[in-house]
Amino acid sequence: MDCLFCNIIKGEIPSYKVYEDEVAYAFLDINPCARGHTVVVPKTHYENFTDMPSEEAGALFATVRMLAKMVEDAVSADGLNIGLNNKPAAGQVVSHVHVHIIPRFEGDGGGSMHSIVSVNGAADDLEEMAELLVME
Ligand code: AMP
Ligand code: ZN
């Protein structure tokens with residue numbers, strides 16, 4: 001299997017590495033949305049976040065939390081967007097789980113999570129949706 005991010009983790013493709021531990025590897029995004037845009041990937045190859053065992057997802061997000069503070073301080077950001085595109089319909093291009101840490105600055109002209117998509121009628125069936133999603 002030829003995976004871009006596995007090859008970056010192995011050092012076979014160069015990257016601007018910013019951090020590495022047993023579970024995660026972090027590097028600068030090659031096409032940054034903002035200064036300091038960092039990508040955090042699990043060292044184990046999982047295509048989608050929803051494929052990851054919860055313990056590994058938890059460990060990944062503990063590293064994301066630590067790096068978020070580091071990136072925020074390093075570029076003196078006013079805020080951060082932290083998230084991942086899960087599966088192609090959500091914009092995932094590289095098929096290896098990766099969490100984006102995107103520094104935000106007052107007046108940078110960007111939007112929030114709400115600017116990703118806005119489907120008409122999505123609020124019409126909140127009651128049924130809550131019943132569908134609620135865990136017994
Ligand atoms: P996504 O659209 O969520 O799959 O994000 C993939 C991200 O990987 C994009 O933001 C790309 O700019 C970034 N990317 C692709 N190739 C590289 C690379 N060789 N080194 C660093 N980042 C990369
Ligand atoms: Zn991979």
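Computed from a predicted model, the values in this text were never measured in an experiment.

## A short note on a nonpolar patch on the surface
Stage number 1. A contiguous nonpolar surface patch, about 450 Å² in accessible area, is contributed by Tyr 16, Val 18, Leu 28, Met 66 and Met 70.
Stage number 2. Along the polypeptide, Val 18 turns up in strand E1 (residues 17-20).

## A short note on the site of ligand 1
Stage number 1. The immediate surroundings of ligand 1 are formed by 15 residues, with Asp 29, Asn 85, Val 93, His 98 and His 100 found nearest.
Stage number 2. A distance of 2.8 Å separates an oxygen atom of ligand 1 from a polar side-chain atom of Asn 85.
Stage number 3. Note that an oxygen atom of ligand 1 is positioned 3.2 Å from one of the backbone N or O atoms of Gly 91.
Stage number 4. For ligand 1, the accessible surface in isolation is 500 Å², of which the surrounding protein chains cover 82%.
Stage number 5. Of all elements in the fold, only helix H1 (4-10) and strand E2 (24-28) reach the threshold of two or more residues within the shell around ligand 1.

## So, the coordination of the zinc ion (ligand 2)
Stage number 1. Bound to the zinc ion (ligand 2) are the protein donor atoms Cys 3 (SG), Cys 6 (SG), His 45 (ND1) and His 96 (ND1), situated 2.0 to 2.3 Å from the metal.
Stage number 2. For the zinc ion (ligand 2), the four donor atoms in the first shell make angles of 103 to 117° at the metal, so the coordination geometry reads as tetrahedral.
Stage number 3. Donor residues binding the zinc ion (ligand 2) come from one chain and are separated in sequence as C-x2-C-x38-H-x50-H. With a gap of 42 residues between them, Cys 3 in the segment before H1 and His 45 in the loop between strand E3 (38-42) and helix H2 (54-74) connect regions that are remote in the sequence.
Stage number 4. In this structure His 45 comes out as partly exposed when scored by relative accessible area, which is 24%.

## Describing the side chain of Gln 92
Stage number 1. Structurally, Gln 92 can be placed in the loop between strand E4 (79-83) and strand E5 (99-104).
Stage number 2. Of note is the side chain of Gln 92, whose polar atom sits 2.9 Å from the backbone oxygen of Glu 47.
Stage number 3. A polar atom in the side chain of Gln 92 sits 2.6 Å from the backbone nitrogen of Lys 87.
Stage number 4. Beyond its immediate chain neighbours, meaning those up to four positions away, Gln 92 contacts Glu 47, Asn 48, Asn 85, Asn 86, Lys 87, Val 97 and His 98.

## As for the environment of Glu 12
Stage number 1. For Glu 12, the position within the fold is in the loop between H1 and E1.
Stage number 2. Accessibility expressed as a relative area gives 55% for Glu 12, which makes it exposed.
Stage number 3. Counting along the chain gives eleven residues from Glu 12 to Met 1, while the straight-line C-alpha distance between them is 14 Å.

## A short note on the nonpolar core
Stage number 1. Counting residues in hydrophobic clusters, the biggest one holds 13 residues, and the most contacted among them are Val 40, Met 52, Leu 60, Val 64 and Ile 101.
Stage number 2. Secondary-structure elements contributing two or more residues to this core are E2, H2 and E5.
Stage number 3. In contact with Val 64, other than residues within four places in its own chain, are Val 40, Ile 82, Val 99 and Ile 101.
Stage number 4. Counting ten residues, the second largest nonpolar core, distinct from the first, contains Phe 5, Ile 9, Phe 27 and Val 94.

## Considering the pairing of E2
Stage number 1. Among the five residues of E2, four are classified as buried, and the element is accordingly described as predominantly covered.
Stage number 2. Note that E1 and E2 share three bridges and pair antiparallel. Residue Tyr 19 lies in a different strand from E2, and its bridge partner there is Ala 26.
Stage number 3. The hairpin turn running from E1 into E2, its antiparallel successor, is three residues long.
Stage number 4. Where E2 meets E3, five bridges bridge the pair, whose relative direction is antiparallel.

How each quantity is defined
Residues numbered from 1 in each chain as written. Chains lettered and ligands numbered in written order. Predicted model: local features only at pLDDT ≥ 70, side-chain atom pairs only at ≥ 80, totals over all residues. Heavy atoms only, no water. Patch = residues over 30% accessible without salt bridge, like charges linked within 9 Å, V, L, I, M, F, W, Y side chains within 5 Å. Areas by Shrake-Rupley, 256 points an atom, 1.4 Å probe, with all protein chains shown as cover. Salt bridge = Lys/Arg side-chain N within 4 Å of Asp/Glu carboxyl O. Helix = DSSP H or I, 4+ residues; strand = E, 2+ residues; numbered from the N terminus. Near = heavy atom within 4 Å. Polar contact = N/O pair within 3.5 Å; in protein donor to acceptor, adjacent residues only side chain to side chain. Donors = N, O, S within 2.8 Å, 3.2 Å for Na, K, Ca; no water. Tetrahedral: all angles 85-135°; square planar, octahedral: opposite > 155°, others 65-115°. Buried < 20%, exposed > 50% of the residue type's maximum accessible area, 1.4 Å probe, protein only. Contact = heavy atoms within 4.5 Å. Core = buried A, V, L, I, M, F, W, Y, C linked by side-chain atoms within 4.5 Å. Pairing = 2+ DSSP bridges.

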